[in-house]
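As a plain string of letters, each chain reads:
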Amino acid sequence: MQTDKARYRERLETAKAIKEAAAQAESKEVDIDKQEKQKEPVLPSATLPTHVPFLLIGGGTASFAAARSIRARDPGAKVLIVSDELDPPYMRPPLSKELWFSDDPDVTETLRFKQWNGKERSIFFQPPSFYVAPEELMSTEHGGVSVLTGKKVVHLDVRENKAKLDDGTHISYEKCLIASGGTPRNLPAIERASEEVKRRTTLFRRVSDFRALERLSSSGGSITIIGGGFLGSELACALGRRAQRSNLEVIQMFPESGNMGKILPEYLSHWTTEKVKREGVNVITDAVVKSVSYKNGKLHISLKDGRAVETDHVVAAVGLEPNTELAKSAGLELDADFGGFRVNAELQARNNVWVAGDAACFYDIKLGRRRVEHHDHAVVSGRLVGENMTGAAKPYWHQSMFWSDLGPDVGYEAIGIVDSALPTVGVFAKATEKDTPKRAAEESGTGIRSESDDQGAIEPVNVSTTVTPSLPAPAQQGDSYGKGVVFYLRDNVVVGIVLWNIFNRMPIARKV
């Protein structure tokens, strides 16, 4: 009897111990679950779609052109644009051109400007009401275009057709476009400088950069632009005009012997430099930056030849680096010579993945493999990809053009490979009052000078298609380069053309 009671107590104690052990184990599992949940990313408050038919990475011109093209071919399509910018898709050219010549004191807020033809428009392709809220995209009966702003795709799985955002969100897709654009390059001298120098440096690219520089230039002081290419020269002329009627000092420096020295032949580059100087800019040529420091409230720029420049703010305009971070996770091929994602004739990088705009390195059947960083290319390549994402299978054979304006009085349009290292043949004539970007735009009705420009913007620009096949008169003696044509040769074949103060003749140049 005593033995039975002892056994009973022993069994009770064993059962109690097992129960306590189980409770402790369960408690540990709960703690582990809590820890794992804490590690999981916090998703946005709005419910984003977990799957979209068309995913467009990047919120620039190429993405918008692709979205419009997709919707044109498939009116019920549902398109999601993911952009790391806070603004919906907009045109970049006015940021260094027409916006600076606006008389509107609130231009940084309205972002509306008068084109050279006098018509007013916004830099945005469409107003906010055009877009569908991302959380409503998949439930919208007739489809639409959504823009998810302030988010970045950080990982792309091309096997599973899935993208991961920087907040941990995953979105699967059926078709994907990479139109990631590029990031402005910085100068090594600034990259290794102090934080004080970096805080006083602008890498000009976005709306926020325009707003910041406009505010800085309005308060006077000294601004130094480093770079003599399209962007640097356009900004120099725009700020130079402002300097003529304010206490602003504008300095432009670059390693070449003249403005746009890598593009224009030497004589035309030097002529252009004189034009920029007349706009109120202190141009410093053959300038290689050695170091930049901050002391006594000023930036001190030391050049390799011993010259020194003192300024309040620096704008670095020294080129663009294509955004190709997704190549590693997606297993996409990059081009070692030109940068960017290598794509086939249909601008396709992999099955169900296309690339357009600045980040695409494509094969040009006339000029070989290229990568182009201009508005017209972004529009046309984006539009073509949109067609191909809906089954068109079209090759990219377009010869894109580009343009640059040094204010409303001097400008040029170009096509092909325009490299000052190539042999050139120039034919010039004396310009008339009509041979300016402003007058040409007034007569033709053209605003953004891209014959393939997106006509779906808020206020469509009607491009004149009337072409008069004429050539400039023979070159004048002296150094008057009022208007003319420059041919760029490679192996005695014309591979590029610059139309200097000659406008709306790009169809002829394309045929050549």
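The structure under discussion appears in the preceding block.
Conventions used here
- Residues numbered from 1 in each chain as written.
- Predicted model: local features only at pLDDT ≥ 70, side-chain atom pairs only at ≥ 80, totals over all residues.
- Heavy atoms only, no water.
- Pairing = 2+ DSSP bridges.
- Helix = DSSP H or I, 4+ residues; strand = E, 2+ residues; numbered from the N terminus.
- Axes fitted to C-alpha atoms, helices over the stretch in contact; angles between N-to-C directions.
- Patch = residues over 30% accessible without salt bridge, like charges linked within 9 Å, V, L, I, M, F, W, Y side chains within 5 Å.
- Areas by Shrake-Rupley, 256 points an atom, 1.4 Å probe, with all protein chains shown as cover.
- Salt bridge = Lys/Arg side-chain N within 4 Å of Asp/Glu carboxyl O.
- Buried < 20%, exposed > 50% of the residue type's maximum accessible area, 1.4 Å probe, protein only.
- Phe/Tyr/Trp six-rings, centres within 6.5 Å; stacked < 30°, edge-to-face > 60°.
- Left-handed = near helix turned anticlockwise from the far one by under 90°.
- Contact = heavy atoms within 4.5 Å.
- Nonpolar A, V, L, I, M, F, W, Y, C, P; charged D, E, K, R; others polar.

**Student:** Which parts of the structure should I look at to understand the sheet that holds strand S14 (residues 289-295)?
**Tutor:** Paired through backbone hydrogen bonds, the strands of a sheet run either parallel or antiparallel to each other. Pairing within the open sheet is antiparallel, and its three strands lie in the order S14-S15-S16. The open sheet has two free edges, formed respectively by S14 and strand S16 (308-311), since each of these has just one partner strand. Across the sheet, the mean angle from the axis of one strand to that of its neighbour is 20 degrees, orientation sign disregarded. Pairing geometry for S14 and strand S15 (residues 298-303), over six bridges, is antiparallel. The partner of Tyr294 across the bridge, within S15, is Leu299.

**Student:** Sorry, what's going on with a nonpolar patch on the surface here?
**Tutor:** Where nonpolar side chains cluster on the molecular surface, the patch consists of Tyr363, Ile365 and Trp397 and spans about 380 Å² of accessible area. Residue Tyr363 is classed as partly exposed on the basis of its relative accessible area of 46%.

**Student:** Is there a simple way to think about the packing of aromatic side chains in this case?
**Tutor:** Two aromatic rings are characterised by how far apart their centres lie and by the angle between their planes. Inspection of the entire model under this criterion finds 13 aromatic pairs. An angle of 15 degrees between the planes, with centres 5.6 Å apart, marks the rings of Tyr412 and Trp500 as stacked. Separated by 88 residues along the polypeptide, Tyr412 in strand S25 (residues 411-416) and Trp500 in strand S28 (residues 493-500) bring together distant segments of the chain. Where Phe428 meets Tyr481, the ring centres are 4.9 Å apart and the plane angle is 70 degrees; that geometry is what we call edge-to-face. A residue pair is termed long-range when its members are at least 10 positions apart, and Phe428 in strand S26 (residues 424-429) and Tyr481 in the loop between helix H11 (437-444) and strand S27 (483-490) qualify at 53 residues. Assigned by exposure class, Phe428 and Tyr481 land together as buried. Three or more aromatic residues link up through ring pairs in this structure, and these residues are Phe230, Trp271, Phe402, Tyr412 and Trp500.

**Student:** Help me understand the packing of helix H6 (residues 207-218) against helix H7 (residues 230-243) in this model?
**Tutor:** Where H6 contacts H7, the two axes come as close as 11 Å, and the packing angle between them is 35 degrees. Read as a crossing pair, H6 and H7 show a hand that is right-handed. Contacts between H6 and H7 involve Leu213, Glu214, Ser217 and Ser218 from the former and Leu235, Leu239 and Arg242 from the latter. For the contact of H6 with H7, the residue count by class is three nonpolar, two polar and two charged.

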